[in-house]
Amino acid sequence: YWVDGEEAGTTAGDGKVEIEVRPTQTSVSLRVEGCPDTYLLRVAHLDPIDTDSGVKQRLVNLRYLPESSAHVTSEQLADALRRFQQQNALEPTGIADDATRQKLVSVNGS
């Protein structure tokens, strides 16, 4: 893979890419060999998990909500939460309780 136009390494066997960034860096461009797209990764742009926007952002990252979820309804959010909860051995309430928030952080990686 390439980071900001320079070859940076190969993925691990699980397909994960770990990239070190400077503390002041706000984005990184990533390109994977064999893929025509370049991905712009925003760094340090997640709201705190104790906010609704932080929950939504993590659900977007994990593909439970579409990227254009700025105007997601409460019903869509509850449905996404239920699907996440079911797939992560949590009670599917559709509510972002403490256990769900902790699991979102764990699965999302932040």
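Before reading further, recall that the structure is shown in the block above.
Residues numbered from 1 in each chain as written. Predicted model: local features only at pLDDT ≥ 70, side-chain atom pairs only at ≥ 80, totals over all residues. Heavy atoms only, no water.

### A closer look at the overall build of the protein
Piece 1. Helix and strand counts for the protein stand at 3 helices and 4 strands.
Piece 2. Mapped in sequence order, the helices and strands of the protein form the string β-β-β-β-α-α-α.
Piece 3. Structurally, the protein occupies a C-alpha span of about 45 × 30 × 25 Å along its principal axes.
Piece 4. A fraction of 28% describes how many contacts in the protein between residues 6 or more apart in sequence connect residues 24 or more apart. (Helix = DSSP H or I, 4+ residues; strand = E, 2+ residues; numbered from the N terminus. Contact = heavy atoms within 4.5 Å.)

### Focus on the layout of surface pockets
Picture a little ball the size of a water molecule; that probe, rolled over the atoms, points out where space is still empty.
Piece 1. The calculated volume of the largest pocket comes to roughly 1,600 Å³.
Piece 2. Forming the boundary of the largest pocket are 31 residues, of which Leu 41, Arg 42, Leu 46, Asn 61 and Asn 108 lie nearest the centre.
Piece 3. Mapped by element, the contributors of at least two residues to the lining of the largest pocket are β3 (27-31), β4 (38-42), α1 (52-61) and α3 (98-108).
Piece 4. Taken together, the residues that form the lining of the largest pocket break down as 16 nonpolar, 9 polar and 6 charged. (1 Å grid on protein atoms, 1.4 Å probe; cavity = no way out; pocket = protein on both sides within 12 Å on 5 of 7 lines; lining within 4 Å. Points joined across faces, edges and corners; volume = space filled by probe spheres on them. Nonpolar A, V, L, I, M, F, W, Y, C, P; charged D, E, K, R; others polar.)

### A few points about the pairing of β4
Piece 1. With respect to burial, β4 is a largely exposed element, only 0 of its 5 residues being buried.
Piece 2. Where β3 lies against β4, 5 bridges are found, and the strand directions are antiparallel. Pairing of Arg 31 across the sheet is with Thr 38, part of β4.
Piece 3. Here β3 folds back onto β4 in antiparallel fashion, the turn holding 6 residues, of which Gly 34 has a positive phi close to 85 degrees. (Buried < 20%, exposed > 50% of the residue type's maximum accessible area, 1.4 Å probe, protein only. Pairing = 2+ DSSP bridges.)

### Describing α1
Piece 1. Taken residue by residue, α1 has Gly 54, Val 55, Arg 58, Leu 59 and Val 60 as its buried positions.
Piece 2. Check the buried side of α1 and you find it contacts α2 (74-87) and α3.
Piece 3. Taken from the residues just after α1, Arg 63 is the one with a positive phi, measuring 65 degrees.

### Points about the packing of α1 against α3
Piece 1. Where α1 contacts α3, the axes come no closer than 10 Å and their chain directions differ by 40 degrees. The orientation of α1 with respect to α3, classified from their angle, is oblique. With respect to the hand of their crossing, α1 and α3 are arranged in left-handed fashion. Taking contact as the criterion, the partners of Asp 52, Val 55, Arg 58, Leu 59 and Asn 61 in α1 are, on α3, Arg 101, Leu 104, Val 105 and Asn 108.
Piece 2. Class assignment of the residues belonging to the contact of α1 with α3 gives a composition of 4 nonpolar, 2 polar and 3 charged. (Axes fitted to C-alpha atoms, helices over the stretch in contact; angles between N-to-C directions. Parallel < 35°, antiparallel > 145°, perpendicular 65-115°, else oblique. Left-handed = near helix turned anticlockwise from the far one by under 90°.)

### Some details on the nonpolar core
Piece 1. Core analysis: the biggest nonpolar cluster contains 12 residues, these being Val 55, Leu 59, Val 60, Tyr 64, Leu 65, Val 72, Leu 77, Ala 80, Leu 81, Phe 84, Ala 96 and Leu 104.
Piece 2. When contributions to this core are tallied by element, the ones reaching two or more residues are α1 and α2.
Piece 3. Among the elements that make up this core, the one with the highest residue count is α2 (4 residues). (Core = buried A, V, L, I, M, F, W, Y, C linked by side-chain atoms within 4.5 Å.)

### Topic: α2
Piece 1. Compared with the 20 Å implied by 1.5 Å per residue over 14 residues, the 20 Å span of α2 between its first and last C-alpha is a close match.
Piece 2. Every buried residue of α2 is listed here: Leu 77, Ala 78, Ala 80, Leu 81, Phe 84 and Gln 85. Along the axis of α2, the buried residues cluster in a sector spanning 160 degrees; they form a single face. Those residues of α2 that are exposed and aimed more than 90 degrees away from the buried face are Glu 75, Gln 86 and Gln 87.
Piece 3. On its buried face, α2 is in contact with α1 and α3.
Piece 4. Looking at the residues trailing α2, positive phi occurs at Ala 89, about 55 degrees. (Expected span 1.5 Å × (residues − 1). Arc of directions from axis to C-beta.)

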